[in-house]
Amino acid sequence: QVQLVESGGDLAQAGGSLRLACVASGRILMNNAMGWYRQVPGKQRELVANITSGGSTTYADSVKGRFTISRANDKYTVYLQMNNLKPEDTAVYFCWGRIVVLSLSQYEAEYWGRGTQVTVSS
C-alpha cells in the first residue's frame, strides 16, 4: 500500500556533501515519522536521523552537527543533507517511515525503502 523510494546516493570525497531524498507514496492517511538508517555489510543497521510529523528530530551522535534531516511541506518527502562527509559514512542508506495507512481500519505500519549507496572516498 505504501512505497518509499530513495535517491541521491553517490560517490563523494571526504569533506564533501550529498543530499538524499525519500518520497513516500501510496494510500497514506498520515505520515507520522520518517527517517534514515544506514548499514555496512556485516554490521547492524543503525539509525542516522529521524523526524516526526511535528518536526522533532533525532540524530546519531556520529552525524550530529554534520547531517540535517528535514521534511517537505507536503510531509511526503524527507531529505538528509550530509555535509563534511567522512569515509566512515560510507553505507547503504535506507529510508524509513511510520505511516498510517488509508483504509477502513486506519492502521499504522512501518515501511522501508530499498536503499541508496553512499560512498565517501578519502
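Refer to the preceding data block for the structure.
All of the points below concern the structure found in this document. (Residues numbered from 1 in each chain as written. Predicted model: local features only at pLDDT ≥ 70, side-chain atom pairs only at ≥ 80, totals over all residues. Heavy atoms only, no water.)

## Digging into the environment of V78
Moving on, step 1. Along the chain, the position of V78 falls in strand 8 (residues 77-82).
Moving on, step 2. Contact partners of V78, with chain neighbours within four places excluded, come to L20, A21, C22, M34, W36, I51, I69, S70, R71 and C95. (Helix = DSSP H or I, 4+ residues; strand = E, 2+ residues; numbered from the N terminus. Contact = heavy atoms within 4.5 Å.)

## Quick notes on the environment of A21
Moving on, step 1. Mapping A21 onto the fold places it in strand 3 (residues 18-26).
Moving on, step 2. With relative accessibility at 16%, the residue A21 sits in the buried group.
Moving on, step 3. Taking the C-alpha atoms as reference points, A21 and G115, separated by 94 residues in sequence, lie 11 Å from one another.
Moving on, step 4. Setting aside chain neighbours within four positions, we find A21 in contact with V5, E6, S7, W36, V78 and Y79. (Buried < 20%, exposed > 50% of the residue type's maximum accessible area, 1.4 Å probe, protein only.)

## Concerning the nonpolar core
Moving on, step 1. The biggest cluster of nonpolar side chains holds 30 residues, and the ones touching the most others in it are W36, L80, M82 and Y93.
Moving on, step 2. Sort the elements by how many residues they give to this core and strand 9 (residues 91-101) lands first, with five residues. (Core = buried A, V, L, I, M, F, W, Y, C linked by side-chain atoms within 4.5 Å.)

## Looking at unusual backbone geometry
Moving on, step 1. A positive phi angle is found at N84, which is not glycine, with a value near 50 degrees.
Moving on, step 2. Within the secondary structure, N84 sits in the loop between strand 8 and strand 9.

## A short note on the sheet that holds strand 7 (residues 67-71)
In a beta sheet, neighbouring strands are held together by backbone hydrogen bonds and run either parallel or antiparallel to one another.
Moving on, step 1. Strand order across the open sheet formed by four strands is 1-3-8-7, with antiparallel pairing between neighbours. In this open sheet, the two strands that pair with only one neighbour each are strand 1 (2-7) and strand 7. Pairwise comparison of adjacent strand axes, ignoring direction, gives a mean angle of 15 degrees for this sheet.
Moving on, step 2. Bridge count between strand 1 and strand 3: six bridges; the pairing is antiparallel. Counterpart to V5 in the pairing with strand 3 is V23. (Pairing = 2+ DSSP bridges. Axes fitted to C-alpha atoms, helices over the stretch in contact; angles between N-to-C directions.)

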